[in-house]
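Observations on the model geometry
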Amino acid sequence: VSKFGIGLLYVVVFSVFLLAARWLWKNYNEINSVPVWVKRSFFALGIVAVFVVPFSANDLPYYFSAGETVNKGINMYVADWVHHVDFASPVAIHPLIGFSYGPIIATSFALLYRLSGGQVLIFMFLWKLLMLLTMVLCGVLTMKLVKLFSNNQEGSAWVFWLAQPL
């Protein structure tokens, strides 16, 4: 699959999300009348969008390299460390000094690295699962907040929950 094809897939997936959010915003009173197959299709598309591995991205391999570095006992805030991108052709290796995140996220990367057994794809899956759970938690908290300000109108709370990743 070419980089253009992957980029086009991203555009299509997120365009569908934007169109769905717009439709939900305009028709929030009619959400209950949506056929079950449509709801399941949007759910499946959302899961696919979350777990698509961005082979051309640098972020997740950077997080993986950071977790690996912390597990080796290297203090990446003051020592040189290596960021490698396994999906680049050829494999990209970038020597770095310093780290752009705080110690809590560095510890999170190290924990996910240990849980993944040093396997980059498993690390990416775990990271995305953590982000999905975080998004669901934000959605639940958003629903509670909207209910406080919307006189308990259930439809508006669902619209905000479904549109909140945007």
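Structure report, in brief. (Residues numbered from 1 in each chain as written. Predicted model: local features only at pLDDT ≥ 70, side-chain atom pairs only at ≥ 80, totals over all residues. Heavy atoms only, no water.)

1. Regarding the nonpolar core
In globular proteins that are soluble, nonpolar side chains generally tend to be buried together. With 16 residues, the main nonpolar core has Tyr63, Phe99, Phe109 and Phe123 as its most contacted residues. Taken together, the elements giving at least two residues each to this core come down to α3 (59-71), α4 (103-116) and α5 (120-149). Sorting elements by how many residues they give to this core places α3 first, with 5 residues. What phenylalanine 109 contacts, discounting residues up to four positions off in sequence, is Tyr63, Ala66, Gly67, Phe99, Tyr101, Phe123 and Trp127. (Core = buried A, V, L, I, M, F, W, Y, C linked by side-chain atoms within 4.5 Å. Buried < 20%, exposed > 50% of the residue type's maximum accessible area, 1.4 Å probe, protein only. Helix = DSSP H or I, 4+ residues; strand = E, 2+ residues; numbered from the N terminus. Contact = heavy atoms within 4.5 Å.)

2. Some points on the environment of aspartate 80
Inspection of the secondary structure puts aspartate 80 in strand β1 (residues 80-85). Among the residues examined, aspartate 80 registers a relative accessible area of 59% and is labelled exposed. Expressed as a C-alpha distance, the spacing of aspartate 80 and proline 95, which sit 15 residues apart in the sequence, is 6.8 Å. Leaving out residues up to four positions away in the same chain, aspartate 80 has contacts with Ile74, Leu96 and Ile97.

3. A closer look at α3
End to end, α3 covers 18 Å across 13 residues, agreeing with the expected 18 Å (1.5 Å per residue, within 8%). Extensive coverage of α3 is indicated by the burial of 10 of its 13 residues. Turning to α3, its buried residues are Leu60, Pro61, Tyr62, Tyr63, Phe64, Ser65, Ala66, Gly67, Glu68 and Thr69. Just beyond α3, the residue with positive phi is glycine 73, at close to 80°. (Expected span 1.5 Å × (residues − 1).)

Remember, this is a structural readout, not a statement about activity or role.
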